[in-house]
Amino acid sequence: MKLENVVPWGRNLSEYREMFLYSDADRDKKILGCGDGPASVNSELTTLGVNITSIDPIYQFSKTEIAQRVDTTASVVSDQLRKNQNDFVWKNIKDVDALVKIRLDAMEKFLKDYEKGEAEGRYLHQELPKLNFDDASFDLVWSSHFLFLYSEHFDEAFHKAAILEMLRVATEVRIFPLLNLKNEKSAHLQGVLQILKECGYNYSVVQTDYEFQKGADEILVIKKS
C-alpha cells in the first residue's frame, strides 16, 4: 500500500451501531474490526470497556503520516460529495456539511488514540485474507465498507478466502454493505453464500436502519453452527 493512494474516511461508534446492529448484548464480546481504518470505533468502545482490536494496512504508517493524508484529502472528498450528493441517502446524516464534520471528528478521535492504541496492540498492521491470530480468538468480527463494496478490485476467490479466514478466528462475522461501488448487489455474494452453505455455516441477510449509499441497508451475518 502507498499512502498517496489512500483516502482516509473514518466512521464513528454511532454509525457502527447502526450498520452492524451492535447492541448492549454485544458489550462482553471480544471484537476484531477488519479494515477499520481511521474510524473512532476502537477508541470509543475501548473507553466503554469493550475488548476490541482493529486491523488495517493503513496502520503501517505513523500518526503524522496519516494526519497529513487526512488534511490532504478531506477537501477533495468534500468537493466530490457535493457534486454527487444525489447518489446518497440523507436520512441518518442530514447533509454534506454534517457528514464531513462526523468524518473529521471521528478521524480526530482516532488520531488522538492511535499511538496509545498501537502500544496496547489495539491497532495492528494486518490485512485479509490472512490473519495472524489463533483459531477462535474473537467472538465477533466485522468488516465495514471493504468486502463486497470493492468487488471490482477483489475477486470472488479473495472474498471467499477472506470470509473463511474471519470465521476461523471468530464465532460470528458481520459484513456491511453487500453492494458494490455502483450501488449494485455484489456479483460475489451468491458464490460466498454457496461456500458458506457447503461449509455448514449459518448465515442470514439482515436489514439495518442505516442507509447512506443508496440501497446499502443490509448486512451479512454468519455464525458457526
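Refer to the structure presented above.
Residues numbered from 1 in each chain as written. Predicted model: local features only at pLDDT ≥ 70, side-chain atom pairs only at ≥ 80, totals over all residues. Heavy atoms only, no water.

*Asks:* It is not clear to me how the layout of surface pockets should be interpreted in this structure. Could you clarify?
*Replies:* To find the voids left in a structure, one rolls a probe of water-molecule size over its atoms. Space inside the largest pocket adds up to approximately 1,500 Å³. Looking at the largest pocket, it is lined by 47 residues, and the ones nearest its centre are Val7, Trp9, His145, Leu149 and Tyr150. Those elements that provide at least two residues to the lining of the largest pocket are helix 3 (63–83) and helix 4 (96–119). Among the elements that line the lining of the largest pocket, the one with the most residues is helix 3, at four residues. Its residues assigned to classes, the lining of the largest pocket comprises 28 nonpolar, 12 polar and seven charged. (1 Å grid on protein atoms, 1.4 Å probe; cavity = no way out; pocket = protein on both sides within 12 Å on 5 of 7 lines; lining within 4 Å. Points joined across faces, edges and corners; volume = space filled by probe spheres on them. Helix = DSSP H or I, 4+ residues; strand = E, 2+ residues; numbered from the N terminus. Nonpolar A, V, L, I, M, F, W, Y, C, P; charged D, E, K, R; others polar.)

*Asks:* I would appreciate a short explanation of the nonpolar core in the present structure.
*Replies:* What tends to happen in soluble globular proteins is that the nonpolar side chains get buried as a cluster. In terms of nonpolar packing, the biggest core is built from 39 residues, with Ile31, Leu45, Ile66 and Trp142 touching the most fellow members. No other element matches the eight residues that helix 4 contributes to this core. Counting 28 residues, the second-largest nonpolar core is a separate cluster that includes Leu32, Phe148, Leu178 and Val192. (Core = buried A, V, L, I, M, F, W, Y, C linked by side-chain atoms within 4.5 Å. Buried < 20%, exposed > 50% of the residue type's maximum accessible area, 1.4 Å probe, protein only.)

*Asks:* Just checking my understanding: could you explain helix 5 (residues 156–169) for this structure?
*Replies:* Because the α-helix completes a turn every 3.6 residues, residues three or four places apart line up on one side. A rise of 1.5 Å per residue sets the reference length of helix 5, with its 14 residues, at 20 Å; its end C-alpha atoms lie 20 Å apart and thus fit the reference within 8%. Those residues of helix 5 that are buried lie in contact with strand 1 (31–34), strand 4 (138–144), strand 5 (170–176), helix 6 (189–199) and strand 7 (218–223). Here helix 5 starts with a cap whose side-chain oxygen sits 3.3 Å from the backbone nitrogen of alanine 157, and that cap is aspartate 155. (Expected span 1.5 Å × (residues − 1). Contact = heavy atoms within 4.5 Å. Polar contact = N/O pair within 3.5 Å; in protein donor to acceptor, adjacent residues only side chain to side chain.)

*Asks:* Explanation requested: the side chain of serine 186 in the structure shown.
*Replies:* In this fold, serine 186 is placed in the loop between strand 5 and helix 6. The class for serine 186 is buried, based on a relative accessible area of 5%. Of the polar contacts made by the side chain of serine 186, one reaches the side chain of serine 151; its length is 2.7 Å. What serine 186 contacts, discounting residues up to four positions off in sequence, is Phe148, Ser151, Leu178, Leu179 and Asn180.

*Asks:* Can you walk me through the packing of aromatic side chains in this structure?
*Replies:* By convention here, two paired aromatic rings are described through the distance between centres and the angle between planes. Going through the model one piece at a time under the given rule, you end up with 18 aromatic pairs. Seen in terms of ring centroids, tyrosine 22 and tryptophan 142 are 5.7 Å apart; in terms of plane orientation they differ by 80 degrees. Their pairing is edge-to-face. Here tyrosine 22, found in the loop between helix 1 (13–20) and strand 1, pairs with tryptophan 142, found in strand 4; they are 120 residues apart in sequence, far enough to count as distant. No difference in accessibility class separates tyrosine 22 from tryptophan 142, as the two residues are buried. Measuring from centroid to centroid gives 5.1 Å for tryptophan 90 and phenylalanine 212, while their planes differ by 80 degrees, and the two rings are edge-to-face. Separated by 122 residues along the polypeptide, tryptophan 90 in the loop between helix 3 and helix 4 and phenylalanine 212 in the loop between strand 6 (202–207) and strand 7 bring together distant segments of the chain. Exposure remark for tryptophan 90: the relative accessible area of 25% places this residue in the partly exposed category. Within the aromatic cluster, the residues linked to one another by ring pairs are Tyr16, Phe20, Tyr22 and Trp142. Its end group placed over the ring of phenylalanine 138, lysine 30 keeps NZ or CZ at 5.2 Å from the ring centre. (Phe/Tyr/Trp six-rings, centres within 6.5 Å; stacked < 30°, edge-to-face > 60°. Lys NZ or Arg CZ within 6 Å of the ring centre and 35° of its normal.)

Purely geometric stuff here, so don't read any function into it on its own.
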